[in-house]
Amino acid sequence: MKRPSLPSRGARGAELVLSDPAATRSLVAIVAILTFLAGLAAAGAEVVAASSREWRAAIAREATIQLRPQVGRDIESDLSRVAALAQAERGISEARVMSKSDAESLLEPWLGRGLDLSSLPVPRLVLLRLDPEARPDVRQLGRRIAAEIPGASLDDHGAWRARLSAVATTILGVAMGLVLLVVAASGLAVAFATRGAMAGSREAVDVLQLVGAEDRFIARQFARRFVRLAAVAALCGAGTAALAVPLLGLAPALVPGGASQATDAALLGAAAIGWRGYGLIALVAATVAGIAGLVSIATAKRFLRELRAR
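Owing to the predicted nature of the structure, the values given are computational and were not obtained by experimental measurement. (Residues numbered from 1 in each chain as written. Predicted model: local features only at pLDDT ≥ 70, side-chain atom pairs only at ≥ 80, totals over all residues. Heavy atoms only, no water.)

How would you explain helix H2 (residues 75-88) if you had to name every residue and give the values?
Helical geometry note: an α-helix holds 3.6 residues per turn, so side chains three or four residues apart project in the same direction. Helix length check: H2, at 14 residues, gives a terminal C-alpha distance of 20 Å against a target of 20 Å (1.5 Å per residue), a fit within 8%. Along H2, the positions that sit buried rather than exposed are Ile-75, Asp-78, Leu-79, Val-82, Ala-83, Leu-85 and Ala-86. The arc enclosing the buried residues of H2, seen along the axis, measures out at 160°, which places them on a common side. Where H2 is buried, its residues contact strand E1 (62-67), strand E2 (92-97), strand E3 (124-130) and helix H5 (138-148). (Helix = DSSP H or I, 4+ residues; strand = E, 2+ residues; numbered from the N terminus. Expected span 1.5 Å × (residues − 1). Buried < 20%, exposed > 50% of the residue type's maximum accessible area, 1.4 Å probe, protein only. Arc of directions from axis to C-beta. Contact = heavy atoms within 4.5 Å.)

Here it is in structure tokens:
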């Protein structure tokens, strides 16, 4: 004769799970910290991706013509010719000749200030601003300028774009790997907590099995508790990460002798990660809570199967 099964829901079902306050606090703290780290990694990945897109778009709108000094050359005249040739090309909205002082200032980060560079053959530059909608043929322009003006070469910054793309892709891969590892660690923490709670509630579990309670009912009681704990912890961790990300943008301002404000904004951009960044943090929190539920109920069912097999 089949024994009657207990209802799948009950007002006092949560009391079947014996709770250890110290273990509960530890689990919440661990999941919150892991969610915080995963949220930071996801937000950082979004910042890197957005910055990379902006950098590559900005670089794609510019090109540089370099003119090397030669003996007997009237470099100012040649620079004017280069600018005129570039300006006449379709899709070139601006061709600006950099002054000698501007060209020398570009070397200051490597050579330092106060050096007399007048005796050095410092190349002169012509900055081109491209019109992406017109799609200028930059390579053809480079061949034309090199043929008409010896020592002139055009750089479309394609190598820089490729390097930026490669670096951004690597950082994104590492960040996503960290997020997956953190989520997996959260699942393992919940699995150990679930198994420990079921071992501590062994007598209650034995009684429920004796009166005919189905394994899914018993497992649901434990899973429901740990999903709530994981959800609270994930919410705390995600909220802290959402608050911490903008604060990281203020960190360079607190460091004496740090980079300039423009450099900070260009490199970090963390003060405003946008709705996608906050959406990723929320997605991480939801994923942690969902994984906690799946892992908890799977662990509980496995524990019950082991009990029945004994």
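Break down the nonpolar core for me, citing the residues and quoting the values.
Ranked by internal contacts, the top residues of the largest apolar core, which has 41 residues, are Leu-27, Met-198, Val-205, Ile-218 and Ile-281. Secondary-structure elements contributing two or more residues to this core are helix H1 (21-60), helix H6 (158-200), helix H7 (202-210), helix H8 (215-248) and helix H10 (274-309). If one sorts the elements of this core by residue count, H8 sits on top with 12 residues. Beyond its immediate sequence surroundings of up to four residues, Leu-27 is in contact with Ala-189, Val-190, Ala-193, Phe-226 and Leu-229. (Core = buried A, V, L, I, M, F, W, Y, C linked by side-chain atoms within 4.5 Å.)

For the environment of Arg-61, give the residues involved together with the corresponding values.
Tracing the chain through its elements places Arg-61 in the loop between H1 and E1. Taking the relative accessible area as the measure of exposure, Arg-61 reaches 37% and is therefore partly exposed. In this structure the C-alpha to C-alpha distance between Arg-61 and Pro-132, which are 71 residues apart in sequence, comes to 6.5 Å. Arg-61 has contacts with Leu-128, Arg-129, Leu-130 and Pro-132, leaving out every residue within four places of it along the chain.

An account of the environment of Thr-64 is requested, with residue identities and associated values reported.
Assignment of secondary structure puts Thr-64 in strand E1. Along the backbone, Thr-64 and Ala-95 are 31 residues apart, and their C-alpha atoms lie at a distance of 9.3 Å. Not counting chain neighbours up to four residues away, the residues in contact with Thr-64 comprise Leu-125, Val-126, Leu-127, Ser-153, Leu-154, Asp-155 and His-157. At 3.0 Å, the side chain of Thr-64 and the side chain of His-157 are in polar contact. (Polar contact = N/O pair within 3.5 Å; in protein donor to acceptor, adjacent residues only side chain to side chain.)

So what about the packing of H1 against H10? Which residues, and what values?
At a minimum axis separation of 9 Å, H1 and H10 run at an interaxial angle of 150°. Relative to H10, H1 is oriented roughly antiparallel. Two packed elements cross with a definite hand, and for H1 against H10 that hand is right-handed. Residue-level contacts link Val-31, Thr-35, Ala-38, Gly-39, Ala-42, Ala-43, Glu-46 and Arg-53 of H1 to Arg-276, Gly-277, Leu-280, Ile-281, Val-284, Ala-285 and Val-288 of H10. (Axes fitted to C-alpha atoms, helices over the stretch in contact; angles between N-to-C directions. Parallel < 35°, antiparallel > 145°, perpendicular 65-115°, else oblique. Left-handed = near helix turned anticlockwise from the far one by under 90°.)

Can you tell me about the side chain of Thr-299, naming the residues and giving the values?
As for its position among the elements, Thr-299 is in helix H10. Its relative accessible area of 14% is what places Thr-299 among the buried residues.

Got a sec to walk through the pattern of salt bridges? Specific residues and values, please.
Between side chains of opposite charge, pairing is possible as soon as their charged atoms come close. The full count for this structure, using the stated rule, is seven salt bridges. A salt bridge links Arg-129 to Glu-62; its shortest N-O distance comes to 3.6 Å. Linking Arg-129 in strand E3 with Glu-62 in strand E1, this pair joins segments that are 67 residues apart in sequence. Using a relative accessible area of 40% as the deciding quantity, one classes Arg-129 as partly exposed. When the shortest N-O distance is used, the salt bridge between Glu-148 and Arg-144 registers 3.5 Å. With a gap of four residues between them, Glu-148 and Arg-144 both fall in helix H5, about one helical turn apart. In the salt-bridge network here, residues are joined through shared partners; they are Glu-62, Glu-94 and Arg-129. (Salt bridge = Lys/Arg side-chain N within 4 Å of Asp/Glu carboxyl O.)

How would you summarise the sheet that holds E2 if you had to cite specific residues and measurements?
Across the sheet, four strands lie side by side as E2-E3-E1-E4; this open sheet has antiparallel pairing. Sheet topology places E2 and strand E4 (152-155) at the edges, where each strand pairs with a single neighbour. On average, adjacent strands in this sheet sit at an angle of 20° to one another, irrespective of strand direction. In the sheet, E1 pairs with E3 via six bridges, with the strands oriented antiparallel. Residue pairing for E3: Ile-65 is matched across the bridge by Val-126. Across the face of the sheet, H5 comes into contact with E1, E2, E3 and E4 while running at roughly 170° to E4. (Pairing = 2+ DSSP bridges.)

Run through a nonpolar patch on the surface, naming residues and quoting values.
On the surface, Val-174, Leu-178 and Leu-181 cluster together into a nonpolar patch covering about 290 Å² of accessible area. Looking at where Val-174 falls in the secondary structure, it is placed in helix H6. (Patch = residues over 30% accessible without salt bridge, like charges linked within 9 Å, V, L, I, M, F, W, Y side chains within 5 Å. Areas by Shrake-Rupley, 256 points an atom, 1.4 Å probe, with all protein chains shown as cover.)

Which residues make up the packing of H1 against H6, and what are the values?
The N-to-C vectors of H1 and H6 enclose an angle of 165°; their axes lie 9 Å apart at closest approach. Here H1 is positioned roughly antiparallel relative to H6, judged by the angle of their axes. The interaxial crossing formed by H1 with H6 has left-handed handedness.

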